[in-house]
Amino acid sequence: MNMKRFCVLLVAIVIASCNNNVSKKNSTVSSDTSFLVAKDIHTQSNADSVLLKHLDLDIKVDLDKRIISGSATWTIENTNKVNELVLDTYDLGIDSVLSDGQKVLYRLDSPKQYLGAALHIPIIPQTELVTVFYKTGKNARALQWLDPVQTLSKTHSFLYTQSESIYARSWIPCADGPGIRYTYDARVAVPKGLMALMSAENPQQISDSGIYHFKMDKPIPAYLMALAVGDITFRKINDRTGVYAEPAMIDRAHYEFEDVGKMVSTAEKLYGAYRWGRYDVLVLPPGFPIGGMENPKLTFCTPTVIAGDRSLVNLIAHELAHSWSGNLVTNATWNDFWLNEGFTEYFERRIMEEMEGKSYADMLWQIGYEDLEDEVTNIGKDDKDTWLKLDLKGRDPDAGLTDIPYEKGCHFLKLIEVNVGRENFDVFLNKYFNEHAFKTITTEDFLKYLDNNLIKDNATLKNNININAWVYGPGIPANCPHAGMERFDRVDNMRSAFLKGTLPPLAITQKWTTYEWLHFLRKMPKPLSLVQMKQLDDAYHFTKSTNSEIADLWFITAVTAGYEPAYGAMQEFLSTVGRRKFLEPLYKEMMQTGKQEMAKRIYKAYRENYHPLAQESLDKIVR
Ligand SMILES: [Zn+2]
């Protein structure tokens, strides 16, 4: 996911000995799919003893009552002949449970903080089907229910899910760990006239009956379960790509994503065939708390990337790249999260380099590096939370949600590339994705694979890369690679000239991309004077920017400077945007620069517009 984008959280923990058991067990479970299980402290399920092979979901979505109800039927194999199946639930009401069609007496534990309540279901060695009849609760963390007024059309309610990391259990009783994969079918009933979409084969037209059938025949983990229901329409991009959005957004979304078809082909040229069939993008209403979520076959995406000029499509490159790193080859636990996000960030920049050139990708690398520096400063340069291999034992998964897995992860991969040569690294990555397709991998398994296939005990290489410093050490290692600064150096010159009184000429700035503008503003002294703010605003119309990245940074700059002419537009921005990446720094800046009253007033007015996950983090900032 794109978190800084936000992403999601991190979970888990693996004990090394468990990993070994898991690997052995896996090798005995063959067939064309692999159901891997890693001992993960953020699932209470016993999927290491009982194979969950397939899910049949039969649910009804009540947008008025804000409840999903129905049944989840699991096809299982009781491999260890245990006497119960344990599933994760969070705030679910359980109505009844069947084991091979017979009603059984289940037990629901009392809920544990953020983990939810374990559901114990008696089974026998021969049990094949377990059905849970249930309904979702008021505190379902995965679900955002929107009133009509929170949508563009203002006429229909809307629902969407965000299951990563451990929120799937709040709408489906499941074994909710990234190391547990299964296929699924779903029957979903929604109010007539609305469309339902999932991380599966999707409809392109509204069903008259309000009933939709879905199929996902590739095994996926629970965090990739997804559902959206609303007044949604489809528009084709090419034969295998398209875009979904509310009708009022579809034209703009289609224009913005016109190159997505080309992007899929570019990604394939780099790292092998796209294996999921269609690749579509769903543009959600504004409350979506993150940048994007790589739900298989259907990326969920924030409307804040619709800039009108295709300038923010690298977010789609990120979600698309997850079709390889994350969805195809998945981190075994959330402690290994960098395997999902570091690879994806690296892959995203390779796609953008192919499409826009090296100097463009260099800007992404440099901005990412600066984010990494900031994050390491925030967390503490000696803190274990800056290791690539995380240790989230006993903690809320959200605690691990930082830039480290993303930026330290991709810089580590870049370092390997620089040392072995791009050609060799690409051969290696192709092989890696191929050999681990639809499987799960731990950090330790990856390092072993890296050594066997690329480093091959080459002592010089080992020394130059220094894997331990990156994976099991803090901060930014001294050998971190740096991107070319050609375009940013020119921006630096323009900024210096501005600070001496000369505005950058429009003939130059008209050719600037989003990233040049971000660099220009980010490195300004703080605060700028009101005169300087006005000069910039008059020349470049930042207050009216339709580019969410630039607008957000401008509003932060305005708050720091006390530049009131931007406040009206800022409030409008905060009323319509739900993306945490934008909300958090802006509210923080208000709180830290003596504008607490303004922050509280605005937050009070729009808190209800934000996703519960965004509310959770903003409640801690604005108080
Ligand atoms: Zn991501």
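Here is what the cut-offs are and how they apply
Residues numbered from 1 in each chain as written. Predicted model: local features only at pLDDT ≥ 70, side-chain atom pairs only at ≥ 80, totals over all residues. Heavy atoms only, no water. Helix = DSSP H or I, 4+ residues; strand = E, 2+ residues; numbered from the N terminus. Rg over C-alpha atoms; globule rule 2.2 N^0.38 Å. Buried < 20%, exposed > 50% of the residue type's maximum accessible area, 1.4 Å probe, protein only. Areas by Shrake-Rupley, 256 points an atom, 1.4 Å probe, with all protein chains shown as cover. Lys, Arg positive; Asp, Glu negative; His and termini not counted. Charge placed at Lys NZ, Arg CZ, Asp CG, Glu CD. Pairing = 2+ DSSP bridges. Phe/Tyr/Trp six-rings, centres within 6.5 Å; stacked < 30°, edge-to-face > 60°. Lys NZ or Arg CZ within 6 Å of the ring centre and 35° of its normal. Polar contact = N/O pair within 3.5 Å; in protein donor to acceptor, adjacent residues only side chain to side chain. Contact = heavy atoms within 4.5 Å. Salt bridge = Lys/Arg side-chain N within 4 Å of Asp/Glu carboxyl O. Disulfide = S-S within 2.5 Å. Expected span 1.5 Å × (residues − 1). Domains from an automatic or database assignment. Buried area = accessible area lost by both parts, 1.4 Å probe. Axes fitted to C-alpha atoms, helices over the stretch in contact; angles between N-to-C directions. Left-handed = near helix turned anticlockwise from the far one by under 90°. Nonpolar A, V, L, I, M, F, W, Y, C, P; charged D, E, K, R; others polar.

1. Some details on the overall build of the chain
Helices and strands together make up the secondary structure of the chain, namely 20 helices and 21 strands. On C-alpha atoms alone, the chain measures out to a radius of gyration of 24 Å, which is about the 25 Å that the 2.2 N^0.38 rule sets for 623 residues. Overall, the C-alpha framework of the chain stretches about 80 × 65 × 50 Å when taken along its three principal axes. Here the chain holds 623 residues, and the buried ones make up 63% of them. Roughly 23400 Å² of accessible area belongs to the chain as shown, and the carbon and sulfur atoms make up 50% of that amount. Across the chain, the centroid of the 70 positively charged side chains sits 1 Å from that of the 79 negatively charged ones.

2. Considering the sheet that holds strand β6 (residues 107-108)
Taken in spatial order, the three strands line up as β3-β7-β6 in an open sheet, and their pairing is antiparallel. Among the strands making up the open sheet, the edge pair consists of β3 (84-89) and β6. As paired strands, β3 and strand β7 (residues 117-122) are joined by six bridges and run antiparallel to one another. Bridge pairing in β7 places Leu-87 opposite Leu-119.

3. Here's the deal with the pairing of strand β9 (residues 143-146)
Here β9 shows a buried face lined by Leu-143 and Trp-145 and a second buried face lined by Gln-144 and Leu-146. Pairing geometry for β9 and strand β10 (residues 158-161), over four bridges, is antiparallel. Residue pairing across strands places Leu-143 opposite Thr-161, the latter belonging to β10.

4. As for the environment of Phe-582
Topologically, Phe-582 is positioned in helix α18 (residues 580-592). The spacing of Phe-582 and Asp-391 is 191 residues in sequence and 28 Å in space, taken between C-alpha atoms.

5. A few points about the sheet that holds strand β5 (residues 102-103)
In a beta sheet, neighbouring strands pair by backbone hydrogen bonds and run either parallel or antiparallel. The mixed open sheet is built from seven strands, whose spatial order is β5-β4-β8-β2-β1-β11-β13. Two strands bound the open sheet, and with one partner strand each, they are β5 and β13 (211-221). Of the pairings in the sheet, the one linking strand β1 (residues 51-62) to strand β11 (residues 181-189) comprises seven bridges and is parallel in character. Bridged to Leu-55 within β11 is Tyr-184.

6. Some thoughts on the packing of aromatic side chains
The geometry of two aromatic rings is summed up by the distance between their centres and the angle between their planes. Taken as a whole and judged by the stated rule, the model has 46 aromatic pairs. Both rings, one in Trp-338 and one in Phe-446, keep their centres 5.7 Å apart while their planes meet at 80 degrees; by these two values the pair is edge-to-face. Taken together, the residues span a long stretch of sequence, with Trp-338 in helix α5 (residues 337-356) and Phe-446 in helix α9 (residues 443-455) at a distance of 108 residues. The same class applies to Trp-338 and to Phe-446, which are both buried. Ring centres of Phe-428 and Tyr-432 lie 6.3 Å apart, and the angle between their planes is 15 degrees; on these two criteria the pair is classed as stacked. Taken as a pair, Phe-428 and Tyr-432 lie in helix α8 (residues 422-435) at a separation of four residues, close to a single helical turn. Positioned above the aromatic ring of Tyr-255 is the side chain of Arg-310, whose terminal nitrogen or guanidinium carbon lies 3.9 Å from the ring centre. Above the ring of Trp-387, the side-chain terminus of Lys-384 is found at 4.8 Å from the ring centroid.

7. Regarding the side chain of Thr-266
By the secondary structure assignment, Thr-266 is in helix α3 (residues 260-271). Polar side-chain contacts of Thr-266 include one of 2.8 Å to the backbone oxygen of Lys-262. With near-sequence residues (within four places) excluded, Thr-266 lies in contact with Ile-351, Glu-354 and Met-355.

8. Observations concerning the pattern of salt bridges
This model, assessed by the stated rule, comprises 40 salt bridges. With its nearest N and O atoms 2.9 Å apart, the salt bridge here joins Asp-147 to Arg-66. Here Arg-66 lies in the loop between β1 and β2 (67-77) and Asp-147 lies in the loop between β9 and β10, a separation of 81 residues in the sequence. The class of Asp-147 is partly exposed, set by a relative accessible area of 37%. Through salt bridges with shared partners, a single network forms among Glu-353, Lys-414, Glu-417 and Arg-422.

9. Observations concerning the state of the cysteines
Within this structure, the stated rule accounts for zero disulfides. Its sulfur unpaired, Cys-410 is 8.7 Å from the next cysteine sulfur, which belongs to Cys-480. With relative accessibility at 0%, the residue Cys-410 sits in the buried group.

10. Points about the environment of Gln-126
By secondary structure assignment, the location of Gln-126 is in the loop between β7 and β8 (129-135). Note on Gln-126: relative accessible area 54%, which makes it exposed. With 47 residues separating them in the primary sequence, Gln-126 and Pro-173 have C-alpha atoms 21 Å apart.

11. Some thoughts on helix α7 (residues 404-420)
With 17 residues, α7 extends 23 Å between its outermost C-alpha atoms, agreeing within 8% with the 24 Å of an ideal straight helix rising 1.5 Å per residue. Of all 17 residues in α7, 15 are buried; the element is thus mostly enclosed. Where α7 ends, the next residue or the one after it, Gly-421, has phi of about 95 degrees, a positive value.

12. Details of the domain arrangement of the chain
Examined at the domain level, the chain breaks down into domain 1 (51-231), domain 2 (329-471) and domain 3 (524-621). Listed by partner, the interface residues are eight residues for domain 1 and seven residues for domain 3. Summed over both sides, the interface between domain 1 and domain 3 buries roughly 530 Å², with carbon and sulfur atoms accounting for 47% of that surface. Our enumeration of links across domain 1 and domain 3 arrives at one salt bridge.

13. As for the pairing of β7
Of all six residues making up β7, five are buried, and the element is well covered by its neighbours. Relative to β7, β6 runs antiparallel, the two being bridged by two bridges. From the neighbouring strand, Arg-107 faces β7, where its bridge partner is His-120.

14. Some thoughts on the packing of helix α6 (residues 358-379) against helix α14 (residues 514-522)
Axis separation between α6 and α14 bottoms out at 10 Å; the angle between their running directions is 35 degrees. Between α6 and α14 the crossing geometry is left-handed. Facing α6, whose interface residues are Tyr-360, Met-363, Leu-364, Ile-367, Glu-370 and Asp-371, α14 presents Tyr-515, Glu-516, Leu-518, His-519 and Arg-522.

15. A short note on the side chain of Asp-362
Among the structural elements, Asp-362 can be located in helix α6. Overall, the relative accessible area of 11% leaves Asp-362 in the buried class. Leaving out residues up to four positions away in the same chain, Asp-362 has contacts with Ala-483 and Gly-484.

16. Examining the packing of α5 against α7
How two helices pack is summed up by the angle between their axes together with the distance between the axes. Two elements in contact, α5 and α7, have axes separated by 7 Å at closest approach and are oriented at 65 degrees. Considering how the two elements wind past one another, α5 and α7 form a crossing that is right-handed. Between α5 and α7, the contacting residues are Phe-337, Trp-338, Glu-341, Gly-342, Phe-343, Glu-345, Tyr-346, Arg-349 and Arg-350 on the first element and Pro-405, Tyr-406, Glu-407, Gly-409, Cys-410, His-411, Phe-412, Leu-413, Lys-414 and Glu-417 on the second. Residues belonging to the contact of α5 with α7 are distributed by class as follows: nine nonpolar, three polar and seven charged.

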